[in-house]
Amino acid sequence: MSKNINPDSSDISRHGHWHYNTPCDHHSPKHCGACVPCVPTGVTGITGITGPTGPTGVTGATGDPGVTGLTGATGATGTTGATGTTGATGTTGATGTTGATGTTGATGTTGATGATGTTGATGATSATGATGPTGATGTTGATGPTGATGDAGAIGATGATGPTGATGDAGAIGATGATGPTGATGDAGAIGATGATGPTGATGPTGATGTTGAIGATGATGSTGATGATGAIGATGPTGATGATGPTGVTGTTGAIGATGPTGATGDTGAIGATGATGDTGAIGATGDTGPTGATGAATALSGLEVQLQDPAATTIADDAPIIFDTIVNDLSLDIAYDLLGTITITAPGVYYISWWIATDGTDGPGTVTFSIVTSAPQTIGASSQMTQGQITGTALISVIAAPLTLQLINNTGGTVGFAATPFKADLTIINVTF
């Protein structure tokens, strides 16, 4: 907030407070002689190499504070856009490089310390005027250049602080209007006495948000009371004893807290963002200790028998007749035997797996062919096919509890089946795992 000084009065002296309405008011012919004209700050150059520290010079007098540059107007606040749905989380961009630090401007030399003058009497503090309404927020202007640092004047005595004015009741919150430009700052009014804080009214329900009204113009700031004249600077006397600190004023009572308004409805949940990239796989942990060796299992052995029908003279097989395999391909079991007449004998209990196939070349009537493993248990495990010409296959899994047990591969088609004119007409393999 700016302060005003009558340029024609005796108040003009080598004082150090700010007393201009704008950064360049002191260019007037009537400006205070102790002030230095505004000098724009030049472009900051690159940082030079730090030189060696010189010897400490004699402490000079403190320069007067320079005039504070004008703060640019605040830019208009854009309207808040509707909240969009949450987009997919993108990958984190690379961190930009840090810009180079500009060089620090040269520090002015400290003036010689002047003799301390007698402290003038403290002037009465003017009452603060009522604060005008806040002007509409304007666009943010560029920050003005920093004024040169003036010589420091003698510090006057601090005036007594006036009582705080009463806090008015809170007005109803109007609809938010469009933000306008910032109004000009008026002169500071006198500070009124602080009145008792009125009770806070109950908070009403939240209404629908209307458009924001324009912010009223800022009221004029009252003029600052005249500063007493500075006495002549005498010789520095001995420092007096520090006076006792005055008692702290009574703290005013706190107004009652208004009731809390109802909570607004919760907005819709935004869409779930895309799943981020999977992080790198962690390092493989150390291999654990080897467990103790288990007990040695029982020895196992695979044994079996394979037989085939290869006789070119075999052209058909009658209904309910067994296939007479004429060739033993492999005999690898002491518990399985074949008599070359179509019967296989199992002489030891256990589980036996059988796989077989037959190359057929039609029937004497039936439209399907059927062959079965028939055991002496008795047990029949068959397989059928609608292709009377081709290869029919089948399997069987039998459990032998009481040995011996015999089995045959029987034609159960219901008619005579022809064999295909191939080198190998039928095959049967039976295997067993012993422990």
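Residues numbered from 1 in each chain as written. Predicted model: local features only at pLDDT ≥ 70, side-chain atom pairs only at ≥ 80, totals over all residues. Heavy atoms only, no water.

1. Considering the overall build of the chain
(1) Moving on: Each helix and strand counted, the chain has 0 helices and 15 strands in total.
(2) Moving on: Contacts in the chain between residues far apart in sequence, at least 24 positions, make up 79% of those at least 6 positions apart.
(3) Moving on: For the chain, the exposed area adds up to about 29200 Å²; of that, 58% sits on carbon and sulfur atoms. (Helix = DSSP H or I, 4+ residues; strand = E, 2+ residues; numbered from the N terminus. Contact = heavy atoms within 4.5 Å. Areas by Shrake-Rupley, 256 points an atom, 1.4 Å probe, with all protein chains shown as cover.)

2. Side note on the confidence of the model for the chain
(1) Moving on: For the chain, mean pLDDT is 74; residues scoring 70 or higher make up 52% of the total.
(2) Moving on: Note on residues 1-5: pLDDT under 50 across the span, and 20 contacts to partners over four residues away in sequence or across chains.
(3) Moving on: Predicted confidence is poor over residues 34-39, with pLDDT under 50, and the contacts of this stretch with residues over four places away or in other chains come to 15 contacts. (pLDDT = per-residue confidence, 0-100.)

3. Side note on the nonpolar core
(1) Moving on: Counting 33 residues, the largest nonpolar core has W356 and L428 as the members making the most contacts within it.
(2) Moving on: The residues contacting W356, other than those within four sequence positions of it, are F371, I373, A383, I392, T393, G394, T395, L409, D427 and L428. (Core = buried A, V, L, I, M, F, W, Y, C linked by side-chain atoms within 4.5 Å. Buried < 20%, exposed > 50% of the residue type's maximum accessible area, 1.4 Å probe, protein only.)

4. Observations regarding unusual backbone geometry
Trans peptide bonds make up the majority, and among non-glycine residues the majority have a negative phi.
(1) Moving on: Looking along the chain, the bond that leaves A377 and enters P378 is cis, with omega of 5°.
(2) Moving on: With respect to the helices and strands, the residue P378 is situated in the loop between β10 (369-375) and β11 (379-385).
(3) Moving on: The omega torsion across A403 and P404 is 0°, close enough to zero to call that bond cis.
(4) Moving on: As for its placement among the helices and strands, P404 is situated in the loop between β12 (389-400) and β13 (405-411).
(5) Moving on: In this model, L340 sits at a positive phi of 65°, which is unusual for a non-glycine residue.
(6) Moving on: Within the secondary structure layout, L340 lies in the loop between β7 (336-338) and β8 (344-346).
(7) Moving on: Taking the relative accessible area as the measure of exposure, L340 reaches 43% and is therefore partly exposed.

5. Observations regarding the sheet that holds β11
(1) Moving on: As summarised here, the arrangement of the 5 strands in space is β7-β8-β13-β10-β11, forming an open sheet in which the pairing is antiparallel. The sheet terminates laterally at β7 and β11, the two strands that pair on one side only. Strand-to-strand, the axes of this sheet are offset by a mean angle of 20°, without reference to chain direction.
(2) Moving on: The sheet contact formed by β10 and β11 spans 7 bridges and is antiparallel. Following the sheet pairing, I373 is matched in β11 by I381. (Pairing = 2+ DSSP bridges. Axes fitted to C-alpha atoms, helices over the stretch in contact; angles between N-to-C directions.)

6. Considering the pairing of β10
(1) Moving on: Of all 7 residues making up β10, 6 are buried, and the element is well covered by its neighbours.
(2) Moving on: When β10 meets β13, the two strands line up antiparallel, connected through 5 bridges. Considered in β13, the bridge of V374 is made with Q408.

7. Regarding a nonpolar patch on the surface
(1) Moving on: On the surface, a nonpolar cluster with roughly 550 Å² of combined accessible area is contributed by L302, V351, Y353, L397, I431 and V433.
(2) Moving on: Within the residue set of the nonpolar patch, elements represented by two or more residues are β9 (350-363) and β15 (426-434).
(3) Moving on: By the element assignment, V433 lies in strand β15.
(4) Moving on: Here V433 falls in the partly exposed class, since its relative accessible area comes to 44%. (Patch = residues over 30% accessible without salt bridge, like charges linked within 9 Å, V, L, I, M, F, W, Y side chains within 5 Å. Salt bridge = Lys/Arg side-chain N within 4 Å of Asp/Glu carboxyl O.)

8. Let's talk about the environment of L309
(1) Moving on: With respect to the secondary-structure elements, L309 resides in strand β4 (residues 301-309).
(2) Moving on: For L309, a relative accessible area of 4% puts it in the buried group.
(3) Moving on: Put simply, L309 and I323 are 14 residues apart on the chain and 8.0 Å apart in space, counted from C-alpha to C-alpha.
(4) Moving on: Ignoring anything within four residues of it in the chain, the contact list for L309 reads A314, I323, I324, F325, D326, F419, P423, F424, K425 and A426.

9. Some words on the packing of aromatic side chains
(1) Moving on: All chains considered together, the criterion is met by 2 aromatic pairs.
(2) Moving on: Taking the centre distance of 6.5 Å and the plane angle of 70° together, the rings of F325 and Y338 count as edge-to-face. Highlighted residues: F325 in the loop between β5 (316-317) and β6 (327-331) and Y338 in strand β7, separated in sequence by 13 residues.
(3) Moving on: Classification of F325 as buried rests on a relative accessible area of 2%. (Phe/Tyr/Trp six-rings, centres within 6.5 Å; stacked < 30°, edge-to-face > 60°.)

10. Considerations on the side chain of S385
(1) Moving on: You can see S385 is positioned in strand β11.
(2) Moving on: Among the polar contacts listed, one links the side chain of S385 to the backbone nitrogen of M387, at a separation of 3.1 Å. (Polar contact = N/O pair within 3.5 Å; in protein donor to acceptor, adjacent residues only side chain to side chain.)

11. Here we look at the side chain of T370
(1) Moving on: Within the fold, T370 resides in strand β10.
(2) Moving on: Accessibility expressed as a relative area gives 17% for T370, which makes it buried.
(3) Moving on: Engagement of the side chain of T370 in a polar contact is seen with the side chain of S384, the distance being 2.7 Å.
(4) Moving on: Among residues more than four places away in sequence, those in contact with T370 are A383, S384, I410, N411, N412 and T413.

12. Thoughts on the environment of N411
(1) Moving on: As for its position among the elements, N411 is in strand β13.
(2) Moving on: Exposure remark for N411: the relative accessible area of 0% places this residue in the buried category.
(3) Moving on: Remark: the alpha-carbon pair of N411 and A318, spanning 93 residues in sequence, is separated by 7.1 Å.
(4) Moving on: Ignoring sequence-local partners within four residues, the contact set of N411 consists of I317, A318, D319, D320, A321, T370, F371, T416 and V417.

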